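What the coordinates show
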Amino acid sequence: MRTAALVGNPNAGKSALFNALTGARQKIANYPGVTVERKAGRLVLPTGEAIELTDLPGSYGLHATSPDEEVTRRVILGELPGEPAPQVLVVVLDASNLEQHLVFAQEVIALGRPTVVALNMIDLAERDGLVIEPAALQEALGVPVIPTVAVRRRGLNELAAAIAEAEKRKAEHHRPHTTLTERRVTAHAIAEAAIVSETSRHRLHAKLDRLFLHPWAGPLILFALLFVVFQAVFSWATPFADALEAAIGWVTEQVRAAMPEGLARDLITDGILSGVGSVVVFLPQIVILFFFILAMEASGYMARAAFLMDRLMAHVGLSGRSFIPLLSSFACAIPGIMATRSITDPKDRLTTILIAPLMTCSARLPVYAVIIAAFIPNRSVLGPVGLQGLVLLGLYVFGIIAAMIVALVLRRSVTKGAASGFIMELPKYQMPRLKDLMIGLFQRAWIFLRRAGTIIFTVTVVLWLLLNFPRAGEGQNQVDASIAGRIANGLAVVVEPIGFNRDIALSLIPAMAAREVAVSSLATSYAVGAADEEAQAMQLGERLKADWSLATALAFLAWFVFAPQCMSTIAVTRRETNGWKWPGFMLAYLFGLAYLFAGLTYWMAVWFGLG
């Protein structure tokens, strides 16, 4: 089977083009000896021949500065063991940012190998008022240039035909290797030779950048957007969350009415419905949060936010390149840690991995939401601004500040080294496509519900069993008699100084599987320990408000800002750092900070009379 490879700068649309060309005929694995993923698939050419197409990691040049770029360089040059050099190179260019992408394209073409250029995202270039002549570009480069729109499957047949003929065609003029400066000058000349022009719309984008990237106005706009997001998470989600909560309560009552008393009924009502249901009700808040995140990414604003954050992150020894992985960690630390592969400096990358769990991931949102709803009054401050949304925003900001402080300490101690520079490509502004937003929201909702139906369900049932056996004797509380209760009694001695009771101690253990399990654990514990059906029917927030002091609630929030209660994150850290040294360090320092700040929060709250 012949081989071909897609190469190009990051954000050129290579992955979209790869998916469009190969469809479901793909396989993903790691390159031997490294953590960089190898994506390969079968491409059927117009001749009927099938070839293997590889999607190489994005690169800015053959002079590698990151693990991803090193793999791309070695594959192109045939230096990777067990990975022969591809017979055809397909250089993917972003038509809307042509001059920048031509710098790397020249370096690839200069190798003298069979090469085809895919002028991708030509529709966005046209929308922005950029007029490009593919024939003129082909003449200037000396290799076939095929306009494509991967997401709309435009130009795919023509590209496949050009790949099929690439080895039969000799380069029209072979250029020797040149310096980076010479390639940049040539890229400008080639862009001019292609009749690249701009209109008022393109100039409008430049004006927007002058506003959004302004050193003073830019950060204020970013903070204002975040403020709106967290206000919406509470205010918009409330009616939907109330409806879900009412529906789960109705189902619980129907089960109680339809089934006779016994362990089977208690398992369904106190275990599954109370435990899993207490997490599912936060689905609307998860969806609203990701709606804003996906919209900012699709519009091109998120890259501007990374640029703005570069100045702040430079003060703690990092660069804006760390911002995208950290931002991804707001969804989940796992993809955030994996995204650090694009960071060139190994000390920068390790520091970013170690602080990624401090970003407030979506699994923390149910924990924050149930505590805030129970203990923070739902009232407005300063007009329409809600107090609950302000507290939620404060927790996110607290996590970010903590991450920056930890990064500063790490960069001056265990990951000491010079700060690296930061170059990034800013995508064009565009209106998010509703279809793409809906697909993204569906995927996030499905991931959340799948966790509720697998991890959370399993842990909840196991916890219910541990809470119900052995059965309590006459006059004895069931939780006191249970296996789980005895385990919690031992742990409670350790966490009592920071204001945690036995129920909290019990919730911390299963929450190691996933942070949101803490909510279902509390709901299950209170349902099992309830004295009667009326107490069992109480909502979790009502029970917490009745049993906890405000000082305890605040300490619980502080604990979850820091605690690394997610074994999947620890596992991916071990994989990305090739050992247990740094995952062990991560566990130790995060649990230490969680205990310290939970204790400080509790005793300060008690001192202020909130205990």
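Preceding block: the structure.
Residues numbered from 1 in each chain as written. Predicted model: local features only at pLDDT ≥ 70, side-chain atom pairs only at ≥ 80, totals over all residues. Heavy atoms only, no water.

**Remarks on the pairing of strand β5 (residues 88-94)**
- With seven of its seven residues buried, β5 lies for the most part within the structure.
- Of the two faces of β5, the one holding Val 88, Val 90, Val 92 and Asp 94 and the one holding Leu 89, Val 91 and Leu 93 are both buried throughout.
- In this sheet, β5 lies alongside strand β1 (residues 3-7) in parallel orientation, the contact comprising four bridges. Following the sheet pairing, Leu 6 is matched in β5 by Val 90. (Buried < 20%, exposed > 50% of the residue type's maximum accessible area, 1.4 Å probe, protein only. Helix = DSSP H or I, 4+ residues; strand = E, 2+ residues; numbered from the N terminus. Pairing = 2+ DSSP bridges.)

**Here's the deal with a nonpolar patch on the surface**
- Taken together, Leu 596, Leu 600, Met 604, Trp 607, Phe 608 and Leu 610 make up a surface patch of nonpolar side chains, about 700 Å² in accessible area.
- Tracing the backbone shows Leu 610 in the segment after α28 (581-607).
- Judged by relative accessible area, Leu 610 falls into the partly exposed class, the value being 36%. (Patch = residues over 30% accessible without salt bridge, like charges linked within 9 Å, V, L, I, M, F, W, Y side chains within 5 Å. Areas by Shrake-Rupley, 256 points an atom, 1.4 Å probe, with all protein chains shown as cover. Salt bridge = Lys/Arg side-chain N within 4 Å of Asp/Glu carboxyl O.)

**Looking at the packing of helix α16 (residues 346-355) against helix α27 (residues 567-577)**
- Close contact between α16 and α27 brings their axes to 11 Å; oriented N to C, the two are set at 170°. Classified by the interaxial angle, the pair formed by α16 and α27 is roughly antiparallel. Taken together, the residues of α27 that come into contact with α16 (itself represented by Arg 349, Leu 350 and Ile 353) are Thr 573, Glu 576 and Thr 577.
- When grouped by side-chain class, the residues that make up the contact of α16 with α27 number two nonpolar, two polar and two charged. (Axes fitted to C-alpha atoms, helices over the stretch in contact; angles between N-to-C directions. Parallel < 35°, antiparallel > 145°, perpendicular 65-115°, else oblique. Contact = heavy atoms within 4.5 Å. Nonpolar A, V, L, I, M, F, W, Y, C, P; charged D, E, K, R; others polar.)

**A few points about the pattern of salt bridges**
- Applying the stated criterion across every chain yields a total of 19 salt bridges.
- When the shortest N-O distance is used, the salt bridge between Glu 576 and Arg 349 registers 2.6 Å. Of this pair, Glu 576 sits in helix α27 while Arg 349 is found in helix α16, placing the two residues 227 residues apart along the sequence.
- A salt bridge links Glu 516 to Arg 451, with the nearest nitrogen and oxygen atoms 2.9 Å apart. A residue pair is termed long-range when its members are at least 10 positions apart, and Glu 516 in the loop between α22 (502-508) and α23 (517-529) and Arg 451 in helix α19 (residues 434-468) qualify at 65 residues.
- Judged by its relative accessible area of 22%, Arg 451 falls in the partly exposed class.
- One network of salt bridges, in which partners are shared, links Arg 2, Glu 49 and Glu 167.

**Description of the side chain of Thr 269**
- When you line up the elements, Thr 269 lands in helix α11 (residues 263-280).
- The class for Thr 269 is buried, based on a relative accessible area of 0%.
- At a separation of 2.8 Å, a polar atom in the side chain of Thr 269 contacts the main-chain carbonyl oxygen of Arg 265. (Polar contact = N/O pair within 3.5 Å; in protein donor to acceptor, adjacent residues only side chain to side chain.)

**A few points about unusual backbone geometry**
- Residues Phe 469 and Pro 470 are joined by a peptide bond in cis, for which omega reads -5°.
- With respect to the helices, strands and loops of the structure, Pro 470 is situated in the loop between α19 and α20 (478-481).
- The phi angle at Met 121 is positive, at roughly 55°, despite the residue not being glycine.
- Considering the arrangement of structural elements, one finds Met 121 in the loop between β6 (115-120) and α4 (122-127).

**Notes on the packing of aromatic side chains**
- All told, the structure shown has 19 aromatic pairs when counted by the stated rule.
- Here Phe 398 and Phe 562 contribute two aromatic rings whose centre-to-centre distance is 5.7 Å and whose plane-to-plane angle is 90°, an arrangement assigned as edge-to-face. In this pair, Phe 398 sits in helix α18 (residues 387-411) while Phe 562 sits in helix α26 (residues 550-562), placing the two residues 164 residues apart along the sequence.
- With relative accessibility at 32%, the residue Phe 398 sits in the partly exposed group.
- Classification of Phe 562 as buried rests on a relative accessible area of 2%.
- Each ring, one from Phe 398 and one from Phe 597, has its centre 6.1 Å from the other, and the planes form 70°; the classification is edge-to-face. Taken together, the residues span a long stretch of sequence, with Phe 398 in helix α18 and Phe 597 in helix α28 at a distance of 199 residues.
- Taken together, Phe 375, Phe 500, Trp 548, Phe 556, Trp 559, Phe 560 and Phe 591 form an aromatic cluster joined through their ring pairs.
- One residue, Arg 304, lies across the ring of Tyr 429, its end atom 4.1 Å from the ring centre. (Phe/Tyr/Trp six-rings, centres within 6.5 Å; stacked < 30°, edge-to-face > 60°. Lys NZ or Arg CZ within 6 Å of the ring centre and 35° of its normal.)

**With respect to the pairing of strand β3 (residues 37-44)**
- Taken together, the six bridges between β3 and strand β4 (residues 50-55) define a ladder with antiparallel strand orientation. Bridge pairing in β4 places Lys 39 opposite Asp 55.
- Counted along the chain from β3 to the antiparallel partner β4, the turn is five residues long, and its residue Gly 48 has a positive phi close to 95°.

**Structural notes on the environment of Ile 146**
- Looking at where Ile 146 falls in the secondary structure, it is placed in strand β7 (residues 145-147).
- What makes Ile 146 buried here is its relative accessible area of 14%.
- In sequence terms Ile 146 and Ala 162 are 16 residues apart; their C-alpha atoms lie 8.0 Å from each other.
- Not counting chain neighbours up to four residues away, the residues in contact with Ile 146 comprise Val 116, Val 117, Ala 118, Leu 119, Gly 155, Glu 158, Leu 159 and Ala 162.

**Concerning helix α21 (residues 483-495)**
- Helix length check: α21 (13 residues) gives 19 Å between terminal C-alpha atoms against 18 Å at 1.5 Å per residue, within 8%.
- Taking the largest bend as the criterion, α21 deviates by roughly 25°, centred on Asn 489.
- Every buried residue belonging to α21 is among Ala 484, Gly 485, Ala 488, Ala 492 and Val 495, and all of these are buried.
- Elements in contact with the buried residues of α21: α19, α20, α22 and α28. (Expected span 1.5 Å × (residues − 1). Bend = angle between axes of the 7 residues up to and from the residue.)

In short, geometric facts, not functional conclusions.
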